[in-house]
Amino acid sequence: MYGHSRFSDQKNAIVGVCHVLRYAPYFIALKQIIDSGDIGQLISIQHLEPIQYAHMAHSYVRGNWHNSKETTPIILAKSCHDLDIIRWLVGSPCKSISAYGSLTYFKRKNMPQGATERCLDCPHENECPYSALDIYLKKRKHIYAFDLPKERSLQNEAIRKVIRTTDYGRCVFQMDNDQCDHYVTSMEFENGVTANFSMEAFMAKGGRRTQIMGTKGEIVGDMTTFTVTDFRSGKQRIWDAKVEEVKSYVGHGHGGGDLCLVRDFINAVGNDNRDYLSSPISVSVESHIMGFKAEESRLNDRKVKI
């Protein structure tokens, strides 16, 4: 990837990487607060990504990224954005990384006795939270991944066919998956800042949550709002996506980051100016290296220098 970066520089090409969280108004506002010095010197970051139980079953047990050997480790498949946003907020290269985690639950040894290969005829279907019938047919989650007819009256039978004929209908305990269902990463940066990142499958609600600790204050947020607290005065101020001047981006993917990235890329190309992009290859490669080194640490049970 460094080679690609040099090539784009030699050709004076404009290349952006879709690290969309950098373009989300929420994270831009977080970055501005940190850089302003309002919370003093940045000391540490705690960041959580709840994959959410149904999303884990859909994408990383049954879905396209269920096998790390055929695709990529889940720390990159799901959380390269999170490693990148931590690196961006810290504003310094990562010095070392340690990671822990495993596939604990979605294994054959945890399969209920008498469970069938597919949810359609399983005696445990009515009590299993990972039931394909419950996730796709009843709750209609993640059905965007299916090629369904536009007519709503025809969709239920089409969903049943998916459950009956594809991996999306298979028992979560009988797949050939190997992706971790919990993953914890600790990082130390060259400027002395530390960060902890946790990626968790077993949570009811998705949405990233972040706590940022400074010498004069803290920030606590959930990708919709964040609260800045001043230690001395105790005063708090709240940033809220619904009331800030970002209404045109509310409801778009990744907190508006998807739409803003497209906007900035068009501006960068249209104006022949790379400065519109905060995620060129030369910068974005760092978070990928962090991900690969985290996996190296996890597999070898040791801290890895970067």
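Worth saying up front: this structure is predicted, and the values here are computed from it rather than measured.

### Thoughts on the confidence of the model for the chain
Taken over all residues, the pLDDT of the chain has a mean of 89, while the share at 70 or more is 86%. Scored below 50 in pLDDT, residues 1–5 makes seven contacts in the model with residues more than four places away or belonging to other chains.

### Brief notes about the state of the cysteines
Tallied over the entire structure, the rule returns zero disulfides. Of all cysteine sulfurs, the one in C119 lies closest to C128, which takes part in no disulfide; the gap is 6.4 Å. For C128, a relative accessible area of 23% gives the class partly exposed. Between C171, a free cysteine, and C122, which holds the nearest cysteine sulfur, the sulfur-to-sulfur gap is 6.3 Å. Judged by relative accessible area, C171 falls into the buried class, the value being 8%.

### A closer look at the sheet that holds strand β4 (residues 194–200)
Hydrogen bonds along the backbone pair up the strands of a sheet, which may run parallel or antiparallel. Pairing in this open sheet of nine strands is mixed, and the strands run β8-β7-β6-β5-β1-β4-β3-β2-β9 from one edge to the other. Across the chains shown, the open sheet's two edge strands, defined by having one partner strand only, are β8 (236–240) and β9 (304–305). Relative to strand β5 (residues 209–214), strand β1 (residues 42–50) runs antiparallel, the two sharing six bridges. Counterpart to L48 in the pairing with β5 is R209. Here helix α2 (residues 25–36) sits on the sheet and contacts β1, β5, β6 (217–221), β7 (225–230) and β8; the angle it forms with β7, its principal contact strand, is near 15 degrees.

### Quick word on the environment of A54
Along the chain, the position of A54 falls in helix α3 (residues 53–61). Each C-alpha atom of the pair A54 and Y130 lies 6.5 Å from the other, and the pair is 76 residues apart in sequence. Excluding residues within four positions of it along the chain, A54 makes contact with I135, K141 and H142.

### Some remarks on unusual backbone geometry
With phi around 55 degrees, R140 is a residue other than glycine that occupies positive phi space. Relative to the helices and strands, R140 resides in the loop between α6 (132–138) and α7 (152–165). We classify R140 as buried; its relative accessible area is 18%. Even without a glycine there, the phi angle at D301 is positive, about 55 degrees. The exposed category is assigned to D301, whose relative accessible area is 62%.

### Side note on the nonpolar core
With 71 residues, the main nonpolar core has F27, Y136, M187, I212, I219 and F226 as its most contacted residues. No other element matches the seven residues that helix α5 (residues 80–90) contributes to this core. Excluding its chain neighbours within four sequence positions, the residues that come into contact with I219 are L30, I33, I34, I39, T210, Q211, I212, F226, T227 and V228.

Reading the values: rules and limits
Counting of residues starts from 1 at the beginning of each chain's written sequence and follows it residue by residue. Only residues with pLDDT of 70 or above have their local features reported here, since the model is predicted, and side-chain atom pairs are shown and tallied only from 80 upward, although totals for entire chains, interfaces and linings are computed over all residues. Only hydrogens and water are set aside when side-chain values are computed; all heavy atoms of the structure are taken into account. Summary of the metric used: pLDDT quantifies the predictor's per-residue confidence within the range 0 to 100. Throughout, a contact is declared for two residues whenever any of their heavy atoms are within 4.5 Å. Note on disulfides: each one is a pair of cysteine sulfur atoms within 2.5 Å. Three exposure classes are used, based on accessible area relative to the maximum for each residue type with a 1.4 Å probe and protein chains only: buried under 20%, partly exposed in between, and exposed over 50%. Two strands qualify as a pair provided that DSSP identifies no fewer than 2 bridges between them. Secondary structure elements are taken from DSSP: a helix is a run of H or I of four residues or more, a strand is a run of E of two residues or more, and numbering for both begins at the N terminus. Helix axes are fitted to C-alpha atoms over the stretch in contact, other axes to C-alpha atoms as well, and angles between N-to-C directions run from 0 to 180 degrees. Only buried residues count toward a nonpolar core, which is a set of Ala, Val, Leu, Ile, Met, Phe, Trp, Tyr and Cys residues joined through side-chain atoms within 4.5 Å.

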